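Each chain, letter by letter, is given below.
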Amino acid sequence: MTAVKITRENALAALRTIGHVPVLIVGGGINGMGTFRDLSLQGVGCLLVEQSDFCSGASRAPSRMIHGGLKYLETGEFRLVRESAAERNRLLLNAAHYVRPLEMIIPIHSWFDGIVPALRKFLRMPAKITERGALVIKLGLWLYDLYGALNRAMPRHRMIARQDILREIPDLDPSLKVAASYYDAWITSPERLVLELALDGMAAHPGNLALNHVRFVRVEGNEVALQDVETGEMFSMTCDIMVNAAGAWIDRVNSGASSARRMIGGTKGSHLMLELPALAETLNGRMIYFEAAGGRICILSNFMGHVLLGSTDIPVDNPDGVICDDDEVDYLLSAFRRLFPQVSVDRSSIFFSYAGVRPLPANDASDPGRISRDHSMPELPPEGERRFPILSLVGGKWTTFRAFSAEVTDEILKRLGKRRLSSTENTPIGGGAGLSQASTHTERLLTTIAQEHRLDRSRARQLVSRYGSRAKSIAEALAGGETFLASLPEFSREEIAFVSNTELVLHAEDFLFGRSSVFMERPLRHAALRELVETIAAFRGWDAAKQSAELGRLVDRYRRLHRIDISAATAPHPRFI
Ligand SMILES: Cc1cc2nc3c(=O)[nH]c(=O)nc-3n(C[C@H](O)[C@H](O)[C@H](O)COP(=O)(O)OP(=O)(O)OC[C@H]3O[C@@H](n4cnc5c(N)ncnc54)[C@H](O)[C@@H]3O)c2cc1C
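A quick note: this is a predicted structure, and the numbers were derived from the prediction, not measured. (Residues numbered from 1 in each chain as written. Predicted model: local features only at pLDDT ≥ 70, side-chain atom pairs only at ≥ 80, totals over all residues. Heavy atoms only, no water.)

S.K.: Before we go on, may I ask you to explain the overall build of the chain in this structure?
M.R.: Within the chain, the regular secondary structure consists of 19 helices and 22 strands. The C-alpha radius of gyration of the chain comes to 23 Å, within 12% of the 25 Å expected for a compact globule of 577 residues. Projected onto its principal axes, the C-alpha coordinates of the chain cover approximately 65 × 55 × 45 Å. Across the 577 residues in the chain, those meeting the buried criterion constitute 59%. Contacts in the chain between residues at least 24 apart in sequence constitute 71% of all its contacts with a sequence separation of at least 6. (Helix = DSSP H or I, 4+ residues; strand = E, 2+ residues; numbered from the N terminus. Rg over C-alpha atoms; globule rule 2.2 N^0.38 Å. Buried < 20%, exposed > 50% of the residue type's maximum accessible area, 1.4 Å probe, protein only. Contact = heavy atoms within 4.5 Å.)

Given below as structure tokens:
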């Protein structure tokens, strides 16, 4: 895809005159953006609005697994497992720059436990599994291998003897009997993949816009009222179909269209980032998929040299400003201690935390783990003065977004009387174009970039791992030389300027949390936030007041949403609060 240069000013000018759009999508998470890209590829005019930055809700808060859904075998959701495994394999091909194979390790503490409850669950009878033995897990992994056979990209499962797993990961709870290893995948930059879907969509159908910091307010008669969150300016337009992809906010958006129908029963999930480099090293790129107390599945993995631990599953009514609260911190740390009794961990090990709300269907389940992760598209048909239908995108997983988007797009094409022009099954996303899991493609790209743009090979490697094949256009923009930041030395001023100016960065926060993953890669200090703001200020012309507001926004967000105090310029280390 070619790079598109869309400025906020031009986009807002277009909103003032647009009048009518065939499809209006509310919500710039993975499901809204997947649909935006697919519709754009089919030549359908559409506008997407996101109230915050792109990928701000659940889509920014996952466990970063791209998975076939091993645990859905237990609930007998075979269609979901088949679809998830196929989509996982497709993402490994279409987004090879961000989606990579991941070895999963399951520590097992018994041979035969869980057989009866697993059978009951499988037969959809009430049951609670508190522990899964080797036999149940072996059977599940055998089935999982079968479901992952289409476009198989990874090895089959294997069992690992106790002494072998303890040799590889010596700090694991020594009471385990055996372990299993199987392959799924993980995503390094969910934020950037959502952004790239936006850029691909806008490039595929010039005129289509995906705009951040613009919110849906309400339906008035047959018109939709939108608002620029920055200035308060209002816009109104008509549409043929509205897609409500507002995730956990779906009911709130529908209430703006006078519907009281309850579609969402969201559950909050939280994660911690722990500064435990020695443990991260022994994990050696693997994720541990383990049972916390009561049989709930948690994950622990090495993320860029540190440890990612999650997650919880707690019903919530209000998705605004969710955080990882004290009970969840205690729960996750005690799950950690059960898994690694000899590794010392406490709150001072936490350098980042995050939470998100899964947009699950409304339900009466007493156990949130039993709510289906499948997706659906309930409709609010035209009513009264509102002559357009509203399709709501309920549920789903990151992994299956493409299939969900294709279903929504097909439904819209049918209603608009149009034909599908192309499938997204084999369409690369953004910087995934031209790359694959084979290192030869990456090495060739590296060589080209390093030679053509006279870049140091290690810098070229950094750009490719960050942007995939989009690194070519970024390297071009760096031709005049680079000045690296003192407190964020992995970024140059020129790179930040190029990315900000071509990827709809409005606030420093959008760059830090939406265009980079550095906030997950290491603890950041106040100086890094200040230098980032100064860097953006230099090319945006921000005055002192604006710079102080932007810095305040970053510090406030760290404190409010991630529970990290990063306010003091003199503090040696950020502090979990
Ligand atoms: C803790 C956790 C762990 C998970 N782990 C995984 C995993 O490992 N693998 C996996 O496959 N899936 C995982 N998931 C599931 C996956 O993340 C979600 O299913 C998916 O992100 C939902 O995407 P969405 O686009 O529907 O919703 P969201 O990402 O929540 O997007 C909705 C967007 O709508 C916007 N919005 C709301 N109201 C308005 C308005 N009025 N105007 C404009 N915009 C509005 C919001 O700001 C938000 O950005 C996880 C989810 C959670 C919470």
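S.K.: Where do I start with the nonpolar core in this structure?
M.R.: One broad trend across soluble globular proteins is that nonpolar side chains are buried collectively. In this structure, Leu274, Phe336, Phe340 and Tyr558 are the most contacted members of the largest nonpolar core, which totals 105 residues. Residues within four places of Leu274 in sequence aside, it is in contact with His306, Val307, Leu309, Leu333, Phe336, Val345, Ser349, Ile350 and Phe351. Membership of the second largest hydrophobic core comes to 76 residues, among which are Ile30, Ala185, Leu195 and Ala248. (Core = buried A, V, L, I, M, F, W, Y, C linked by side-chain atoms within 4.5 Å.)

S.K.: Would you take a moment to explain the environment of Ala362 for this structure?
M.R.: Tracing the backbone shows Ala362 in the loop between β16 (350-358) and β17 (375-376). By relative accessible area, which is 32% here, Ala362 ends up partly exposed. Residues Ala362 and Met263, 99 residues apart in the sequence, show an inter-C-alpha distance of 5.1 Å. Among residues more than four places away in sequence, those in contact with Ala362 are Arg262, Met263, Ile264 and Gly265.

S.K.: I keep staring at the site of the ligand and nothing clicks. Help me out?
M.R.: Close to the ligand lie 36 residues; Glu50, Ser59, Met65, Gly396 and Thr399 are nearest. Backbone polar atom of Met65 to a nitrogen atom of the ligand: 2.7 Å apart, as the coordinates give it. Between the ligand and the protein, one listed contact pairs an oxygen atom with a backbone N or O atom of Gly396 at 2.9 Å. Protein chains bury 95% of the 1,000 Å² of accessible surface belonging to the ligand in isolation. If you list the elements that add at least two residues to the shell around the ligand, you get α2 (30-41), β8 (214-220), β11 (267-274) and β16. Each residue belonging to the shell around the ligand can be placed in one class, and the counts come to 16 nonpolar, 15 polar and 5 charged. (Near = heavy atom within 4 Å. Polar contact = N/O pair within 3.5 Å; in protein donor to acceptor, adjacent residues only side chain to side chain. Areas by Shrake-Rupley, 256 points an atom, 1.4 Å probe, with all protein chains shown as cover. Nonpolar A, V, L, I, M, F, W, Y, C, P; charged D, E, K, R; others polar.)

S.K.: Hey, could you run me through helix α16 (residues 508-515) in this one?
M.R.: Residues separated by three or four positions in an α-helix point in the same direction, a consequence of the helix having 3.6 residues per turn. Taken across its 8 residues, α16 has 8 buried, putting it largely inside the fold. Along α16, the residues classified as buried are Ala508, Glu509, Asp510, Phe511, Leu512, Phe513, Gly514 and Arg515.

S.K.: Would you mind showing me how to read the packing of helix α3 (residues 78-94) against helix α11 (residues 401-416) here?
M.R.: How two helices sit against one another is set out by the angle between their axes and by the gap between those axes. At a closest axis distance of 8 Å, the pairing of α3 and α11 adopts a crossing angle of 105 degrees. Classified by the angle between their axes, α3 and α11 sit roughly perpendicular to one another. Contacts between α3 and α11 involve Glu83, Glu87, Arg90 and Leu91 from the first element and Phe401, Arg402, Ala403 and Glu407 from the second. (Axes fitted to C-alpha atoms, helices over the stretch in contact; angles between N-to-C directions. Parallel < 35°, antiparallel > 145°, perpendicular 65-115°, else oblique.)

S.K.: Please clarify how the environment of Ile350 should be interpreted in this entry.
M.R.: If you trace the backbone, Ile350 turns up in strand β16. Overall, the relative accessible area of 3% leaves Ile350 in the buried class.

S.K.: What is the right way to look at the pairing of strand β10 (residues 234-244) in this model?
M.R.: Consecutive side chains along a regular strand alternate between the two faces of the sheet. Buried residues dominate β10, accounting for 8 of its 11 residues. In this structure, strand β1 (residues 20-26) lies alongside β10, joined through 6 bridges in parallel fashion. Bridge pairing in β10 links Val21 to Cys239. Alignment of strand β9 (residues 223-228) against β10, held across 4 bridges, turns out to be antiparallel. Along β10, the bridge assignment pairs Ala225 with Ser236. (Pairing = 2+ DSSP bridges.)

That's the geometry; what it means functionally is another story.
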